[in-house]
Amino acid sequence: MSETLARAGGDGGAAARPRKRIIVLTGAGVSQESGLATFRDAGGIWARYRIEDVATPDAYARDPARVLDFYTQRRAQLRDPAIDANDAHRALARLAGSDRHELLLVTQNVDDLHERGGSAGVLHMHGELFKTRCLACDRLVDDRADLTVARACDGCGAAGRLRPHVVWFGEMPLELDRIYSELMDCDLFVSIGTSGHVYPAADFVRAARSAGARTLELNLEPSEGATSFHDARYGPASILVPAWVDEILA
Ligand code: BJW
């Protein structure tokens, strides 16, 4: 049994009935009904900002103030009391509580709405908006405050070296070895609320399927990789995800 998939429930009966291993990958669509814009939908973040201005290492090197301002605004939005987890986040936390399943929840989202919805051990492959890293000393801290070029690192004192702990284009997503190893060994892979435009996440369905997993897409509309899935359901995540979790737990 995998050590890294989240364990749920007690061990009574586990020996008699192997638990189903499920990997869920979420994207911006799962947080859309919480009030956070997606990236590529009409009116999404990339309709208002150019990727090359705010989400690459070159952008940060060229104009750190502009990049930090973009993430300061994103942090402010995530601190807004009106933003909270929705029924899709909560349903996935319910699934993690099942003693018949082992769930690894991988999210591309940098928000903390899965955690607010009750999930623990979420793997944030594109980082976390409420974490800051110092490029001078590599210190990584929880941080919800504004990011500015004048701010100094509380660890080493260096100014102008703080960046949000998010994965920009051209950077390596986090914990990929672990993710691929789990994909090779899961029974069911479910992709929720992601357009399938961004790699390597867009490739997870093919990796899981070629290793023998059943694959399911839950999205508002067919994603770029829709034909790679065995099954698909289309509609809002806050409706689809609780219904699917109810079926799994029934
Ligand atoms: C709903 C809904 C509702 C709406 N209910 N559903 C050429 C070919 C292949 C790959 C590459 C290539 N050129 C470059 C690459 C690699 C590149 C890449 O993929 N580029 C593509 C754009 C082509 N990838 C990378 O660079 C990654 N790193 C990497 O590959 O490392 C390896 C390497 C490194 C160095 C050298 C060599 C190799 C890193 C990618 C980092 C992505 N970062 C971002 C920003 C994070 C920080 C931030 O938030 O600011 O991550 S970009 C953005 O996209 C964010 C997201 O996590 C990511 C995915 O977006 P997502 O979640 O899919 O959102 P949307 O908006 O696209 O889709 C939302 C979906 O929800 C839609 O389908 C809606 O219909 C749906 N929806 N409402 C249900 N209510």
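Just so you know, these numbers come straight off a predicted model, no measurement behind them.

## Description of the nonpolar core
Residues Trp46, Ala55, Val67, Phe70, Tyr71, Leu78 and Trp168 are the most contacted members of the largest nonpolar core, which totals 23 residues. When contributions to this core are tallied by element, the ones reaching two or more residues are helix 2 (45-48), helix 4 (57-62), helix 5 (64-79), strand 4 (127-134) and strand 6 (162-166). The element that contributes the greatest number of residues to this core is helix 5, accounting for five residues. With residues near it in sequence (within four places) discarded, Trp46 still touches Phe39, Arg40, Ile51, Val54, Ala55, Phe70 and Phe169.

## Observations concerning empty space enclosed by the protein
Under the counting rule described, the total for this entry stands at one cavity of 30 Å³ or more. For the largest cavity, the calculated volume is near 100 Å³. Along the wall of the largest cavity there are 14 residues; nearest its centre are Ser191, Gly196, Ala201, Ala202 and Phe229. The residue inventory of the lining of the largest cavity, partitioned by class, reads seven nonpolar, six polar and one charged.

## Let's talk about the layout of surface pockets
Volume-wise, the largest pocket comes out at about 830 Å³. Lining the largest pocket are 41 residues, and of these Ala28, Phe39, Arg40, Thr194 and Ser195 lie nearest its centre. Those elements that place two or more of their residues in the lining of the largest pocket are helix 1 (29-32), helix 5 and strand 8 (214-219). Its residues placed into classes, the lining of the largest pocket shows 19 nonpolar, 15 polar and seven charged. Looking at the second largest pocket, its volume works out to about 290 Å³. Counting only elements with at least two residues in the lining of the second largest pocket, the list comes to helix 2 and helix 5. The element best represented in the lining of the second largest pocket is helix 5, accounting for five residues.

What counts and how
Residues numbered from 1 in each chain as written. Predicted model: local features only at pLDDT ≥ 70, side-chain atom pairs only at ≥ 80, totals over all residues. Heavy atoms only, no water. Core = buried A, V, L, I, M, F, W, Y, C linked by side-chain atoms within 4.5 Å. Buried < 20%, exposed > 50% of the residue type's maximum accessible area, 1.4 Å probe, protein only. Helix = DSSP H or I, 4+ residues; strand = E, 2+ residues; numbered from the N terminus. Contact = heavy atoms within 4.5 Å. 1 Å grid on protein atoms, 1.4 Å probe; cavity = no way out; pocket = protein on both sides within 12 Å on 5 of 7 lines; lining within 4 Å. Points joined across faces, edges and corners; volume = space filled by probe spheres on them. Nonpolar A, V, L, I, M, F, W, Y, C, P; charged D, E, K, R; others polar.

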